[in-house]
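Breakdown of the fold
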Amino acid sequence: MDKTSKNPAVGQSKPRLLGVLGPGLITGASDDDPSGIATYSQAGAQFGFALTWTMLFSYPLMSVVQEISARIGRTTGRGIAGNMLKYYPNWLLQSVVVLLLIANTINIGADLGAMGDALKLIIGGPSLIYVVAFGALSVILQVFLMYTRYVSVLKWLTLSLFAYFGTVLFVSVPWAEVARGMLIPKFTADANFWTSVVAILGTTISPYLFFWQASQEVEDQKAKPERTPLKHAPEQTESAVQRIRLDTYVGMAFSNIVALAIMITAGATLHAHGVTDIQSTSQAAEALKPVAGNFAFAIFAIGVIGTGLLAIPVLAGSAGYALGEARKWPVGLDRKPLEAKAFYATIAVATVFGACLNLTPINPIKALFWSAVVNGVVAVPVMAVMMAMTARPDIMGKATVPLPLRVIGWVATVVMSAAAAVMVGQIAWG
């Protein structure tokens, strides 16, 4: 019998893929939130298939960064904020947490607004009522549903992403052009081109995803007491790393394939018909109707709602984990509400504030832009700290991350640094 099938760090092997997929799959799927859908739709509408190569380019970078995030949580028994609190200057942690809270709250607001608009497109009615309802549903599920059941709900919600594969089936796609765009990158001096590249990178490699996946590995350890932090149980390392790698690489592949499907749909329909300016997911869905038909429009809009229901708990939850660990509060979705009042209050307040943004005159597209700027700035120091953590035996014990992975992780950090510099330069020089 295969030894790994009996290893408590992995679990039973019979439904291996189904049982192993968890934090990585949910993290990858939540990466395609409504604001991300808007980014990919705009890239496809404006440039056709010319930016599809970014999906191949970003895949190994985001996969390695997320694997490292998961390994930090699984190895130390703490999330990223918890490790930063113990081993790094407090000012750095507090700065990162404040910026993360701001970016996540703006993102939650934009996602709730997109979901409300999508439901209005499908059934009519007041979008603000839908915004409130979606926000309330998200908070209720996180606060009152048992962790194991809640994770099952999130896993099922990942199926909503298949909606975007459905839209590809209902449009005429010039696959030869798609292949050229993916395999033969072309670059231009157009500022809009590089803005889109930076936006795509900022959407696929986001700080909230690091905090969420690391914390979910910690949650899984609590839910499965046979799992011990690898720092204290190095004999579990090989099996645990295999599980994390499979989970993460499948989740990130799923994320990028869905993003690719959205870009292809927008390129084959909107760009091909001269529609090059898409400012929101609702605009993308509406623009699809006359060129791709009612069915493609409905599938696209339903997908926005499903991905939002998946992404908002991740955004709010990662904010709760980061702030809670930074303040030494009891944290964890496995805890009852009265056992982690401040943690759950953070989740609720971030969601409420996000919903309230839809009641203000703030332009949601400008808000998303500034959210992307903040994410781009926050990602660089967080990634640098994560890469430094992975080589420290006092943090990782004998489960330090191998050099090849650390090299790729540092490459991703340099790429995000360059992306952040480009964003700052564009803001400074208009």
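Since the structure is predicted, the reported quantities are computational estimates derived from the model, not experimental observations.

**Examining the overall build of the protein chain**
Within the protein chain, the regular secondary structure consists of 19 helices and zero strands. Over its C-alpha trace the protein chain gives a radius of gyration of 21 Å, about what one expects of a compact globule, namely 22 Å for 430 residues. Considered along the principal axes of its C-alpha atoms, the protein chain spans approximately 60 × 50 × 45 Å. The buried share among the 430 residues of the protein chain stands at 58%. Across the protein chain, contacts joining residues at least 24 apart in sequence account for 82% of those joining residues at least 6 apart. Within the protein chain, the 22 negative side-chain charges are centred at a point lying 7 Å from the centre of the 29 positive side-chain charges.

**Some points on the environment of I68**
Its place among the elements puts I68 in helix 4 (residues 53-76). For I68 and Q213, which are 145 residues apart along the polypeptide, the C-alpha to C-alpha distance reads 9.6 Å. If sequence neighbours within four positions are ignored, I68 has contacts with M386, M387, T390, V401 and L405.

**Some details on a nonpolar patch on the surface**
A surface patch of nonpolar side chains, about 370 Å² in accessible area, is lined by V98, L99, I102, V377 and V424. For the nonpolar patch, the element with the most residues is helix 6 (residues 90-123), which contributes three residues. By the element assignment, V98 lies in helix 6. For V98, a relative accessible area of 46% corresponds to the partly exposed category.

**Considerations on the nonpolar core**
Formed by 123 residues in total, the largest nonpolar core has its most connected members in L51, F300, L333 and M386. No other element matches helix 15 (residues 294-326), which puts 14 residues into this core. Excluding residues that lie within four positions of it along the chain, L51 makes contacts with A43, F193, S196, V197, I200 and M263.

**Describing the packing of helix 4 against helix 12 (residues 207-223)**
Close contact between helix 4 and helix 12 brings their axes to 7 Å; oriented N to C, the two are set at 35°. You can see that helix 4 and helix 12 cross each other, and the crossing is right-handed. Of the residues in helix 12, those in contact with V65, Q66, S69, A70, G73 and R74 of helix 4 are L209, F210, Q213, A214, E217, V218 and Q221. In terms of residue class, the contact of helix 4 with helix 12 is built from six nonpolar, five polar and two charged.

**Brief notes about helix 13 (residues 237-269)**
Owing to its 3.6 residues per turn, the α-helix brings residues three or four apart onto one side. For helix 13, with 33 residues, the first-to-last C-alpha span of 48 Å sits near the 48 Å given by 1.5 Å per residue. Of all 33 residues in helix 13, 25 are buried; the element is thus mostly enclosed.

**Remarks on the confidence of the model for the protein chain**
Mean pLDDT for the protein chain: 86, with 93% of residues reaching 70 or above. Scored below 50 in pLDDT, residues 1-15 shows 21 contacts in the model against residues more than four places distant or in partner chains.

**Section: unusual backbone geometry**
Not every positive phi belongs to a glycine, and K328 is a case in point at roughly 65°. Within the secondary structure, K328 sits in the loop between helix 15 and helix 16 (341-356).

**A closer look at the packing of helix 7 (residues 127-144) against helix 16**
Contact geometry for helix 7 and helix 16: axes closest at 10 Å, N-to-C directions at 170°. As summarised for this structure, helix 7 and helix 16 are arranged roughly antiparallel, according to the angle between their axes. Residue-level contacts link V131, G135, V139, Q142 and V143 of helix 7 to Y344, I347, A348, T351 and A355 of helix 16. Split into classes, the residues belonging to the contact of helix 7 with helix 16 amount to seven nonpolar, three polar and no charged.

**Digging into the pattern of salt bridges**
It is possible for side chains of opposite charge to pair when their charged atoms get near one another. Per the stated rule, a full pass over the model turns up four salt bridges. The salt bridge involving E67 is made with R245; its shortest N-O contact spans 2.9 Å. With E67 in helix 4 and R245 in helix 13, this residue pair connects regions lying 178 residues apart in the sequence. Under the relative-accessibility criterion, E67 is labelled buried at 0%. Residue class for R245 comes out partly exposed when judged on its relative accessible area of 34%. Residue E217 pairs with R243 through a salt bridge whose shortest N-O separation is 2.8 Å. Of this pair, E217 sits in helix 12 while R243 sits in helix 13; the two residues are 26 residues apart in sequence, bridging distant segments of the chain. R243 carries the same exposure label as E217, and that label is buried.

Rules of the game
Residues numbered from 1 in each chain as written. Predicted model: local features only at pLDDT ≥ 70, side-chain atom pairs only at ≥ 80, totals over all residues. Heavy atoms only, no water. Helix = DSSP H or I, 4+ residues; strand = E, 2+ residues; numbered from the N terminus. Rg over C-alpha atoms; globule rule 2.2 N^0.38 Å. Buried < 20%, exposed > 50% of the residue type's maximum accessible area, 1.4 Å probe, protein only. Contact = heavy atoms within 4.5 Å. Lys, Arg positive; Asp, Glu negative; His and termini not counted. Charge placed at Lys NZ, Arg CZ, Asp CG, Glu CD. Patch = residues over 30% accessible without salt bridge, like charges linked within 9 Å, V, L, I, M, F, W, Y side chains within 5 Å. Areas by Shrake-Rupley, 256 points an atom, 1.4 Å probe, with all protein chains shown as cover. Salt bridge = Lys/Arg side-chain N within 4 Å of Asp/Glu carboxyl O. Core = buried A, V, L, I, M, F, W, Y, C linked by side-chain atoms within 4.5 Å. Axes fitted to C-alpha atoms, helices over the stretch in contact; angles between N-to-C directions. Left-handed = near helix turned anticlockwise from the far one by under 90°. Nonpolar A, V, L, I, M, F, W, Y, C, P; charged D, E, K, R; others polar. Expected span 1.5 Å × (residues − 1). pLDDT = per-residue confidence, 0-100. Parallel < 35°, antiparallel > 145°, perpendicular 65-115°, else oblique.

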